[in-house]
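Structural overview
Each chain, written out:
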Amino acid sequence: MSRSQPTSARHRILVDLLSIPTAPFAEHQVIDHVQRFCAARGVSTQRDAAGNVLVRVKIGRRTVRRPVCMTAHLDHPGFVAERMVGEGRVRAFWRGGVPPEYFVASRVRFDVAGRWIKGHIRAIKTVRREGQERVKTAEIEVDQVIPRRAIGMWDFPDPVIRGGRIYARGCDDLAGAGAMLCAIDELVRGRTSCDAYFLFTRAEEVGFVGAIAACRSKTIPAKCFVVAMETSSERPFAKMGEGPILRVGDRSSTFTQAVTAHCHDVAKDLEKSRRGFKYQRKLMDGGTCESSAYCMLGYEATGLCVALGNYHNVDAKRKRLGPEYVDLQDLDGVVLWFVELARTPRAYSGRDESLHQRLLALEASYADLLHGTRAMPKGTAQDGWFSI
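The structure displayed is predicted, hence computed values, not measured ones.

All buried positions along helix α4 (residues 209–216) are accounted for by Gly210, Ala211, Ala214 and Cys215. The arc enclosing the buried residues of α4, seen along the axis, measures out at 140 degrees, which places them on a common side. Turning to α4, the residues buried within the fold contact β13 (194–201) and α6 (290–296). Looking one or two residues past α4, Lys218 carries a phi angle of roughly 60 degrees, positive in sign.

Here the focus is the packing of helix α3 (residues 174–190) against helix α7 (residues 328–343). Direction vectors running N to C along α3 and α7 enclose 50 degrees, while the axes themselves pass 9 Å from each other. In terms of orientation, α3 lies oblique with respect to α7. Crossing of α3 over α7 shows right-handed handedness. Within the contact between the two elements, α3 uses Ala175, Gly176, Ala179, Met180, Cys182, Ala183, Glu186 and Leu187 and α7 uses Leu331, Val334, Val335, Phe338, Val339 and Ala342. Classifying every residue of the contact of α3 with α7 by side-chain character gives twelve nonpolar, one polar and one charged.

Our focus in this paragraph is the nonpolar core. In terms of nonpolar packing, the biggest core is built from 66 residues, with Ile184, Phe198, Phe200 and Trp337 touching the most fellow members. If we skip the residues at most four places from it in the chain, Trp337 touches Pro244, Ile245, Leu246, Cys263, Val266, Ala267, Leu270, Phe277, Tyr279 and Leu304. Among the nonpolar cores identified, the runner-up in size contains 23 residues, and Val108, Ile121, Ile140 and Ala150 belong to it.

With that out of the way, let us pick up the pairing of β13. The buried count for β13 comes to eight of eight residues, which makes it a mostly enclosed element. The alternating pattern of β13 places Cys194, Ala196, Phe198 and Phe200 and Asp195, Tyr197, Leu199 and Thr201 on opposite faces, both of which are buried. Sheet topology places strand β3 (residues 53–59) next to β13; seven bridges connect them, and they run antiparallel. Note on β13: the bridge partner recorded for Ile59 is Cys194. Here five bridges tie strand β4 (residues 68–73) to β13, and the two strands are oriented parallel to one another. Across the sheet, His73 pairs through a bridge with Thr201, a residue of β13.

One can find Phe338 in helix α7. Its relative accessible area of 0% is what places Phe338 among the buried residues. Every residue in contact with Phe338, bar those within four places of it in the chain, is listed here: Met70, Gly176, Ala179, Met180, Ala183, Met229 and Leu304.

Another aspect to go through is the environment of Leu283. In this structure, Leu283 sits in strand β16 (residues 280–283). A relative accessible area of 38% places Leu283 in the partly exposed class. Along the chain, Leu283 and Phe255 lie 28 residues apart, while their C-alpha atoms are 9.9 Å from each other. When residues no more than four places from it in sequence are discounted, the contact partners of Leu283 are Phe237, Val248, Gly249 and Asp250.

Thresholds, definitions, all that
- Residues numbered from 1 in each chain as written.
- Predicted model: local features only at pLDDT ≥ 70, side-chain atom pairs only at ≥ 80, totals over all residues.
- Heavy atoms only, no water.
- Buried < 20%, exposed > 50% of the residue type's maximum accessible area, 1.4 Å probe, protein only.
- Helix = DSSP H or I, 4+ residues; strand = E, 2+ residues; numbered from the N terminus.
- Arc of directions from axis to C-beta.
- Contact = heavy atoms within 4.5 Å.
- Axes fitted to C-alpha atoms, helices over the stretch in contact; angles between N-to-C directions.
- Parallel < 35°, antiparallel > 145°, perpendicular 65-115°, else oblique.
- Left-handed = near helix turned anticlockwise from the far one by under 90°.
- Nonpolar A, V, L, I, M, F, W, Y, C, P; charged D, E, K, R; others polar.
- Core = buried A, V, L, I, M, F, W, Y, C linked by side-chain atoms within 4.5 Å.
- Pairing = 2+ DSSP bridges.

Everything listed is a geometric property; what it means functionally is a separate question.
Okay, here's the thing in structure tokens:
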């Protein structure tokens, strides 16, 4: 398969975002990019006390009683330099879920004033958290001084498009955030009447603490229902290339059924109106995502995702680290879904309208028969009365 450059404005938006270094509690460069991107399109942003970024896209005079708030996180498992601990050696904090056996001798790159400085991991320190051994810090051999707070990532090249997929140092969850930027861009350019919110959160990889803070501070308006976007490890029953996935739940919980049903109805509308659009509906129970936090902390929420290769950069088949990757058509489908959620004439009512209408129809169809047969007529049991 040959390498290629972005072939559309949408893919350029993704490549630009996926090129930026990030790590938990060190998302500032990505946040700057998101704010500049929105400002260039005349869309205002605001940051809450935790640094999360909220964007509202309102076009036209249409009033939406229960608007959607789509969310994605801006961090990816990574390093943040603590200090030099000797000549040619830096100690860095590690935050994120990667097994300790993948660290020693692996290559790392640090962003220093816009240049990549590369190094090798020589030693790690681990701690035990939630019953698992986790890396806390790493000592990395480098050939120049790495300043405090410099962001480090695994040593993989900038994003590349190859064979209908995009490969990057971290697709989780910058690919999801990139899909939200694409949706914002298309809503603004299309000038279609809409009212929708987009929340870009911090520090998901250590336990979605940015999303928790957003709930505590009411960053998301109470009137909103929430659709959290993720990239989730590909599973045998949820394959890459089969379309974006509507998540009915994760490892910890099932999500708000009414929101899931609303997203499902919007997807069925897209299936009818957009040739080639396809989607999946699955329980993605490989891990816990921000949707569970939103539901637990008082919001009505569900999730969307795309299948991800080399989750957290772990190539489990080859037992080595590798770039993450996602299918571009899956991401294109997510963008269409986001745009339609923002502008659909369907109103979210807080209940599953399709199921509600079906129940009403069933009730009406059989009401007379149900009440008319409340008592069994005498002498009819032998005459086939139960076959009515």
